[in-house]
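Residue strings, one per chain:
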Amino acid sequence: VDSEALIEWVSEQIQKEKYYPKVAQRAGYEGAFNLLVRIDSNGVISEASVVSGRGHPLLRRSLEKITGSLLGRSFGQPLGEAIKFNIPFDFKLIK
C-alpha cells in the first residue's frame, strides 16, 4: 500500500470530523498542529494524537476530539506492517 494513499485516507477521515468551534471562529483564532497517526498491520488506526503545534487551547481540544474519533477506523485492507506518520492540520479562517 502506498503511504501517500494512507495519508490521504487519514486526511479525509479528519476532514469528515473537522469541527471548528464557532467561539474560536468569532474570536479569530487560528492554529497549526501536527498529528501523529499509527495504523496497525491490519489497516486499523490504533493511535492518533496531537504531538505539537500552536494555536488556542480551544482548537487543540477540538482536534483531540477529532483524533479520538478516528481510533478503530479501518483502511479496508491489511498493510502487512504497522505504519506511523505525521500529518499537519490547520485551523484557518476563510477571509
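About the cut-offs
- Residues numbered from 1 in each chain as written.
- Predicted model: local features only at pLDDT ≥ 70, side-chain atom pairs only at ≥ 80, totals over all residues.
- Heavy atoms only, no water.
- Core = buried A, V, L, I, M, F, W, Y, C linked by side-chain atoms within 4.5 Å.
- Buried < 20%, exposed > 50% of the residue type's maximum accessible area, 1.4 Å probe, protein only.
- Helix = DSSP H or I, 4+ residues; strand = E, 2+ residues; numbered from the N terminus.
- Contact = heavy atoms within 4.5 Å.
- Salt bridge = Lys/Arg side-chain N within 4 Å of Asp/Glu carboxyl O.

### With respect to the nonpolar core
So, point 1. Ranked by size, the top nonpolar core spans 23 residues in total, and within it Val10, Ile39, Ile45, Leu63 and Phe85 carry the most contacts.
So, point 2. Put simply, the parts of the chain that give this core at least two residues each are helix 1 (3-17), strand 1 (31-39), strand 2 (45-55), helix 3 (57-70) and strand 3 (83-91).
So, point 3. Looking at which element gives the most residues to this core, the answer is strand 3, with five residues.
So, point 4. With residues near it in sequence (within four places) discarded, phenylalanine 85 still touches Leu6, Ile7, Val10, Leu35, Leu36, Val37 and Ile39.

### Notes on the pattern of salt bridges
So, point 1. Summed over the entire model, instances satisfying the criterion amount to two salt bridges.
So, point 2. Its salt-bridge partner being arginine 73, residue glutamate 17 comes within 2.6 Å of it at the nearest N-O pair. One end of the pair, glutamate 17, is in helix 1; the other, arginine 73, is in the loop between helix 3 and strand 3, with 56 residues separating them in the sequence.
So, point 3. Classification of glutamate 17 by relative accessible area gives partly exposed; the value is 31%.
So, point 4. With its nearest N and O atoms 3.8 Å apart, the salt bridge here joins arginine 60 to glutamate 64. Of the two residues, arginine 60 and glutamate 64 both sit in helix 3, four residues apart, roughly one turn of that helix.
So, point 5. For arginine 60, a relative accessible area of 29% puts it in the partly exposed group.
So, point 6. What makes glutamate 64 partly exposed here is its relative accessible area of 40%.

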